[in-house]
Amino acid sequence: MTANIIDGKAFAATVREKVAGHVARLKEESGITPGLAVVLVGEDPASQVYVRSKGKQTVETGMNSYEYKMDADTSEADLLAVVEKLNNDPEVHGILVQLPLPGHLNEDLIINSIDPAKDVDGFHISNVGLLGTGQKSMVPCTPLGCLMMLRDYHGSLSGMNAVVIGRSNIVGKPMAQLLLGDSCTVTIAHSRTKDLPEVVRGADIVVAAVGRPEMVPGDWIREGATVIDVGINRIERDGKNKLVGDVDFESASKVAGAITPVPGGVGPMTIACLLANTVTACCRANGLAEPEGLTA
């Protein structure tokens, strides 16, 4: 069999259209414009590209975009002061401090200084706890994007067996919580899992988020399973740089029922879900009905 391709780029465009529609209604009906503030410390090239893309897409959906660029040697006190300013700004509904931060800054301290209601990355310890206990929270963008694509493809996920490969706080753990919330039976697997191939073969849904190029071959995948590949790894092949996922796409696509490609799969969904989270945060802050289909 040949897997159906889950086109994350096209799906992300649909999400952005929905966001833009909600933003237009908020402006017309309530006179409110959602605002997203992104703080970039230092000059990491990948982060700079990512921040530019976030700003561009924020404006394209009709929201206000605020960017704060700070020197790499910025002190913790100065960064905390900027976060506090944004916490108290009613025009800012979402705050994102771009990671990674320079080594002298305590990432946990900075992230946990963000108002949880404005934490559109979903990394604040309060949001982690709320998600883990099944309460309303801000949901991390990448896992949220994965969940949206799975719901769109399958409809109900109830009763399905899901294996999440990777236990990071950013993807693996919140992904497992979201799948549990949709009544999947969930296994979190990792590098120490005994007989990992056999564990993965038991899954109807495989979410690979380990950061190892093409770690998961096709013979680990149950025939007809849905594979969500979160990995983005740059490798050299045949003298050229190439982006590949954590799954060996060529072999896995011959047995899976559906699979996300790399690039063009999960990646585009991350920023789309950041925009969706900003609209959700804006609605919650103003006591308005949350947009349907844009959160967990």
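Only a predicted model underlies this, so the values are computations on that prediction, with no experimental measurement involved. All residue numbers here refer to positions counted from 1 along the written sequence of the relevant chain. Per-residue local features of the predicted model are confined to residues with pLDDT of at least 70, and side-chain atom pairs are confined, for both listing and counting, to 80 or more; whole-chain, interface and lining totals are unaffected and use all residues. Neither water nor hydrogens contribute to the side-chain values; these are computed over all heavy atoms in the structure.

Student: Quick rundown of the pattern of salt bridges? Include the residues and the values.
Tutor: When a carboxyl oxygen of Asp or Glu lies within 4 Å of a side-chain nitrogen of Lys or Arg, that pair is called a salt bridge. Evaluated as defined, the whole model comprises seven salt bridges. Across the pair E290 and K136 runs a salt bridge whose closest N-O atoms are separated by 3.1 Å. Within this pair, whereas E290 is found in the segment after α10 (267-285), its partner K136 is found in the loop between α5 (125-132) and α6 (141-154), the two being separated by 154 residues in sequence. Looking at K136, the relative accessible area reads 57%, which means it is exposed. The shortest N-O distance in the salt bridge between R201 and E198 comes to 3.0 Å. Each helix is a run of H or I in the DSSP string that is no shorter than four residues. Each strand is a run of E no shorter than two, and both are numbered from the N terminus. The cut-offs for exposure are 20% and 50% of the maximum accessible area for each residue type, with area from a 1.4 Å probe on protein chains only; residues under the lower value are buried, those over the upper are exposed, and the others partly exposed.

Student: Run through the sheet that holds strand β3 (residues 64-70), naming residues and quoting values.
Tutor: For two strands to count as paired, DSSP must find a minimum of two bridges between them. As summarised here, the arrangement of the three strands in space is β3-β2-β4, forming an open sheet in which the pairing is parallel. Unpaired on one side and paired on the other, β3 and β4 (94-97) mark the two borders of the sheet. Averaged over all adjacent pairs, the angle separating strand axes in this sheet is 15 degrees, with direction ignored. Alignment of strand β2 (residues 35-41) against β4, held across four bridges, turns out to be parallel. Directly across from V39, in β4, lies its bridge partner V97. Running at roughly 160 degrees to β3, helix α2 (residues 45-60) makes contact with β2, β3 and β4 of the sheet. Axes, fitted as lines to C-alpha atoms, cover a helix only where it is in contact. Angles between the N-to-C directions of the axes lie from 0 to 180 degrees. We call two residues in contact when some of their heavy atoms are within 4.5 Å.

Student: Explain the side chain of D119 to me, and be specific about the residues and the numbers.
Tutor: Position of D119 among the secondary structure elements: in the loop between α4 (107-111) and α5. Buried charge D119 goes without a salt bridge, the closest partner of opposite sign being R284 at 9.7 Å. Beyond its immediate stretch of four places on either side in the chain, D119 contacts I95, I114, H124, N127 and M138. Counted as positive: Lys and Arg. Counted as negative: Asp and Glu. His and the chain ends are not counted at all.

Student: Could you give an account of unusual backbone geometry, naming the residues involved and the relevant values?
Tutor: Omega for the peptide link from L99 to P100 comes to 0 degrees, which places this bond in the cis form. With respect to the element layout, P100 can be found in the loop between β4 and α4. The step from V262 to P263 runs through a cis peptide bond, and the omega angle for that step is 0 degrees. Residue position: P263 is located in the loop between β11 (258-259) and α10. At S183, a residue that is not glycine, the phi angle is positive and equals roughly 65 degrees. Here S183 lies in the loop between α7 (172-181) and β6 (185-189). A positive phi angle is found at D238, which is not glycine, with a value near 55 degrees. Structurally, D238 can be placed in the loop between β9 (233-237) and β10 (240-244).

Student: How would you explain the environment of M160 if you had to name every residue and give the values?
Tutor: Tracing the chain through its elements places M160 in the loop between α6 and β5 (161-165). Put simply, M160 and N112 are 48 residues apart on the chain and 34 Å apart in space, counted from C-alpha to C-alpha. In contact with M160, other than residues within four places in its own chain, are H154, S183, C184, T185, D204 and I205.

Student: Run through α6, naming residues and quoting values.
Tutor: For a helix, the expected span equals 1.5 Å multiplied by the residue count minus one. Across its 14 residues, α6 extends 20 Å between first and last C-alpha, which sits within 8% of the 20 Å expected from 1.5 Å per residue. Counting buried positions over the 14 residues of α6 gives ten, a clear majority of the element. Among all positions of α6, only C141, T142, P143, L144, G145, C146, L147, M148, M149 and L150 are buried. As for α6, its buried residues are in contact with α1 (8-30), α7, β7 (205-208), β8 (226-229) and α10. One or two positions beyond α6, positive phi appears at G155, with a value near 80 degrees.

Student: How would you sum up the environment of D78? Please name residues and give values.
Tutor: With respect to the helices, strands and loops of the structure, D78 is situated in helix α3 (residues 76-87). Using a relative accessible area of 45% as the deciding quantity, one classes D78 as partly exposed. Between the alpha carbons of D78 and H22 there is a distance of 35 Å; along the sequence they are 56 residues apart.

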